[in-house]
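# Structural features, examined
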Amino acid sequence: MHIVEINHIKKSFDDTEVLQDISLFVDKGEVVSIIGPSGSGKSTLLRCATFLETMDDGSLAYMGDEVVKSVNGHSVYASRDHIRKAKGYFGLVFQNFELFPHFNVLRNITDAPIHNQKRDKAEVEREARELLEKVGLSDKADAYPCELSGGQKQRVAIARALAMKPDILYFDEPTSALDPELTQEILRVIKQLAAEKMTMVIVTHEMQFAREVSDRIIFMEKGLIIENDRPEKVFASTNERTRQFLGKF
Amino acid sequence: MDIATILLELGQGMLTTIQIFVLTLVFSLPLGFLIYFGRVSKNPVLSWIMRIYIAIMRGTPLMLQLIVIYFGPYYIFGVSTTPAYRGIAVIIAFSLNYAAYFAEIYRSGFGSIPQGQYEAAEVLGYSKSRTFFAIVLPQVWKRILPSITNEVITLVKDTSLSFSIAYAEMFTEAKALSAAVHNVGPLMAAGVFYFVFNAIVAWIMARIEKSMSYYSI
């Protein structure tokens, strides 16, 4: 059973076909990087998989549970409660962190598990402190997001996503708003998670990182998947477009 | 007229002014929310009605609105009003007018919250109502507070427009007393009153702003 399985997703904005026909699956413990030029549909794919965007056609299943079905060329979404359940399987880390500025670091991490997942407060707080230690910010529990650097904010955002105990964690260009030094902070955390066999899908422009950390790399262009293979295979691809794109790095 | 009488009458006017001020805020702050929700509604008819409403309220003098609301029932519908209606007309006119301004302030506040905040809340399983009350509203409140302070301070002074329909608040009383005693003393006293009232309002608002300064957006 795949953690997430996507079949033949299509998505257009007005007359632009952003996703033409995308199918992929991710298995437990896999780290998959999605690379490709701007406008290739990487982020839209992630947004469709996380219900932030509705797809026009195609199906989507989490843990074998098909919450979006393709019926007569159109996507049909399951009931709200059903989708709510599917949303519990994944976490998402945003390019711009999107921490809640009026909550301190600890509350950013614990608010959703306590109030939305109705979990025990003491237990959630203990886990949150462990997560903060893991991302190297155990001294920042009481700080507010405005007091943190970009790299620290993103590490809190990762801890916030992990506190929900997702089966799969999506990253939407997690380092694009950061300078090279801070980028390394984030990449270290992601590598650590990969070593712990966290299932992850990472949309990124960090080619070298994608190569090191991924089990599979997906190269997208113009709403299509051009490559979907082990990193060494993708980097050795004979496809002209792939070579042209990778050659720039 | 002795000084005690003058002070007593000014004091009564002062209480009336405070009453206008408080009641206007009590009605216009929530009403502004309704107008804002109508203004940003997906229903184009409702949205346009609210746009026109806001345009009229902001585009015409408050004094004119006050006079229309006070005399309207008689001149338009031939309904004679009781003396008590004078005070009611003041509250209606001020509330309707200020609600339009507050609606626009709310709109700027909600409009300034990045879409990503809603998306983060959605991904983290926040319900629609918790997203609104726990995530969005506190940030909006912090952002709009300086604008609200401006309006509230203007309101303190605008209460004197009630003079145009001879409602016996602070300014109307002071003007009448000055005319009766042939000096500007009562008007000066009124000026001091407005000044002190606004100083208190500004102090309270600054305290509230400070209570939210532990974070920045």
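What you are looking at is a predicted structure, and each value in this text was computed from that prediction instead of being measured. Note that residues are indexed from 1 along each chain, following the sequence as it is written. Following the order in which they are written, the chains are lettered starting with A and the ligands numbered starting with 1. Confidence filtering applies because this is a predicted model: local features only for residues at pLDDT of at least 70, side-chain atom pairs given and counted only at 80 or more, and all residues used for totals across whole chains, interfaces and linings.

### Thoughts on the overall build of chain A
A helix here means a DSSP run of H or I that spans at least four residues, while a strand means a run of E at least two residues long, and both kinds are numbered starting from the N terminus. For chain A, the helix and strand inventory stands at 9 helices and 11 strands. Its C-alpha atoms give chain A a radius of gyration of 18 Å, within 12% of the compact-globule value 18 Å for 249 residues. Reported as C-alpha extents along the three principal axes, the dimensions of chain A are approximately 50 × 45 × 35 Å. Exposure in this text rests on C-beta crowding, where 20 or more other C-beta atoms within 10 Å of a residue's own make it buried, 12 or fewer make it exposed, and counts in between make it partly exposed. The C-beta atoms are placed from the backbone. Burial status across chain A gives 46% buried among its 249 residues. Each residue is represented by a C-beta atom placed from its backbone, and any two residues with such atoms within 7 Å are regarded as in contact. Put simply, of all contacts in chain A between residues at least 6 apart along the chain, 62% involve residues at least 24 apart. Here the globule rule reads 2.2 Å times residues to the power 0.38, and the radius of gyration is calculated from C-alpha atoms.

### Structural notes on the overall build of chain B
Within chain B, the secondary structure is distributed over 8 helices and 0 strands. Along chain B, from the amino end to the carboxyl end, the secondary structure elements read α-α-α-α-α-α-α-α. Oriented by its inertia axes, the alpha-carbon framework of chain B measures out at about 70 × 45 × 25 Å. Sequence separation of 24 or more characterises 73% of the internal contacts of chain B that already satisfy a separation of 6 or more.

### As for the interface of chain A and chain B
Across the contact, 18 residues belong to chain A and 17 residues belong to chain B. Counting residues per element, the side of chain A that touches chain B draws most heavily on helix α3 (residues 105-116) of chain A, at 3 residues. Of the residues contributing to the side of chain A that touches chain B, the split by class is 9 nonpolar, 7 polar and 2 charged. For this classification, Asp, Glu, Lys and Arg are treated as charged, while Ala, Val, Leu, Ile, Met, Phe, Trp, Tyr, Cys and Pro are nonpolar and the rest, including Gly, are polar.

### A look at unusual backbone geometry
All names here are of chain A. For E98, which is not a glycine, the phi torsion comes out positive at approximately 55 degrees. Mapped onto the secondary structure, E98 falls in the loop between β7 (90-93) and α3. Of the residues examined, E98 has 24 C-beta atoms within 10 Å and is grouped as buried.

### Overview of the sheet that holds strand β11 (residues 224-229) of chain A
Residue and element names in this part refer to chain A. Strands sit in the order β7-β8-β9-β3-β10-β11 across an open sheet of 6 strands; the sheet is mixed. Taken across any chain shown, the strands that pair with only one partner, and hence form the sheet edges, are β7 and β11. The sheet shows a mean angle of 15 degrees between the axes of neighbouring strands, taken without regard to direction. Strands qualify as paired when DSSP identifies two bridges or more between them. Simply put, an axis is a line fit to the C-alpha atoms, just over the touching stretch for a helix, and the angle between two N-to-C directions goes from 0 to 180 degrees.

### A look at the sheet that holds strand β5 (residues 65-71) of chain A
All names here are of chain A. Spatially, 5 strands are ordered β2-β1-β4-β5-β6 in an open sheet, and the strand pairing comes out antiparallel. One side of each edge strand has no neighbouring strand; the edge strands of this open sheet are β2 (16-26) and β6 (74-77). Averaged over all pairs of adjacent strands, the angle between their axes in this sheet comes to 20 degrees, without regard to strand direction. Pairing between strand β1 (residues 4-13) and strand β4 (residues 57-62): 5 bridges, direction antiparallel. The residue bridging N7 from the neighbouring strand is S59, located in β4. Contacting β4, β5 and β6, helix α2 (residues 80-87) crosses the sheet at an angle of about 125 degrees to β5.

### Considering the environment of F100 of chain A
Inspection of the secondary structure puts F100 of chain A in the loop between β7 and α3. F100 of chain A gets classed as buried once you count the C-beta atoms within 10 Å, which come to 24. When the C-alpha atoms of F100 of chain A and A86 of chain A are compared, they prove to be 23 Å apart, with 14 residues separating the residues in sequence. Each residue touching F100 of chain A, except ones within four places of it in the same chain, is listed here: N108 of chain A together with I135 of chain B.

### Section: the nonpolar core
Grouped together as the largest cluster of nonpolar side chains are 75 residues, with contacts concentrated most on V93, A159 and Y170 of chain A. Those residues in contact with V93 of chain A, other than ones at most four positions away along the chain, are A157, I158, A161, L169, Y170, F171, D172 and P174 of chain A. By definition, a nonpolar core groups buried Ala, Val, Leu, Ile, Met, Phe, Trp, Tyr and Cys residues that connect through C-beta atoms lying within 7 Å of each other. Residues Y36, Y70, Y98 and Y167 of chain B belong to the second largest nonpolar core, which totals 28 residues.

### Describing helix α6 (residues 128-158) of chain B
Residue and element names in this part refer to chain B. With 31 residues, α6 extends only 38 Å from end C-alpha to end C-alpha; this falls clearly short of the ideal 45 Å at 1.5 Å per step. Along α6, the sharpest kink reaches roughly 50 degrees, centred on L145 and followed within four residues by the proline P146. Contacts made by the buried residues of α6 are with α1 (3-39), α4 (85-111), α5 (115-123) and α8 (185-211). Multiply 1.5 Å by the residue count of a helix minus one, and that product is the helix's expected span. The seven residues ending at a residue and the seven starting there each receive a fitted axis; the angle between those axes is the bend at that residue.

### Structural notes on the pairing of β6 of chain A
All names here are of chain A. Relative to β6, β5 is paired through 4 bridges, and the arrangement is antiparallel. Paired with K69 across the strands is V76, a residue of β6. Where β5 hands over to β6, the hairpin turn is made up of 2 residues, of which N72 adopts a positive phi near 50 degrees.

### Section: the confidence of the model for chain B
Model confidence for chain B is summarised by a mean pLDDT of 94, while 100% of its residues fall at 70 or above. Of the two predicted TM-score estimates for the complex, the pTM is 0.89 and the ipTM is 0.93. For every residue, the predictor states its confidence as a pLDDT score lying anywhere from 0 to 100.

### Overview of the packing of helix α2 (residues 44-59) of chain B against α4 of chain B
All names here are of chain B. One can describe the packing of α2 onto α4 by two numbers: an axis separation of 9 Å at closest approach and a directional angle of 115 degrees. The hand of the α2/α4 crossing is left-handed. Contact residues: α2 offers Y53, I54, M57 and R58, while α4 offers L96, N97, A100, Y101, A103 and E104. Taken together, the residues of the contact of α2 with α4 break down into 7 nonpolar, 1 polar and 2 charged. Crossings are classed by handedness, with left-handed meaning an anticlockwise turn of the near helix from the far one by less than a right angle and right-handed meaning a clockwise turn.

### With respect to the packing of α5 of chain B against α6 of chain B
Residue and element names in this part refer to chain B. Contact geometry of α5 with α6 gives a least axis separation of 11 Å together with a crossing angle of 130 degrees. By the angle class used here, α5 and α6 are oblique. With respect to the hand of their crossing, α5 and α6 are arranged in right-handed fashion. Between α5, through Q117, Y118 and A121, and α6, the contact on the second element is made entirely by T131, I135 and V136. Oblique is the label for any angle not covered by the other classes, which are roughly parallel (under 35 degrees), roughly antiparallel (over 145) and roughly perpendicular (65 to 115).

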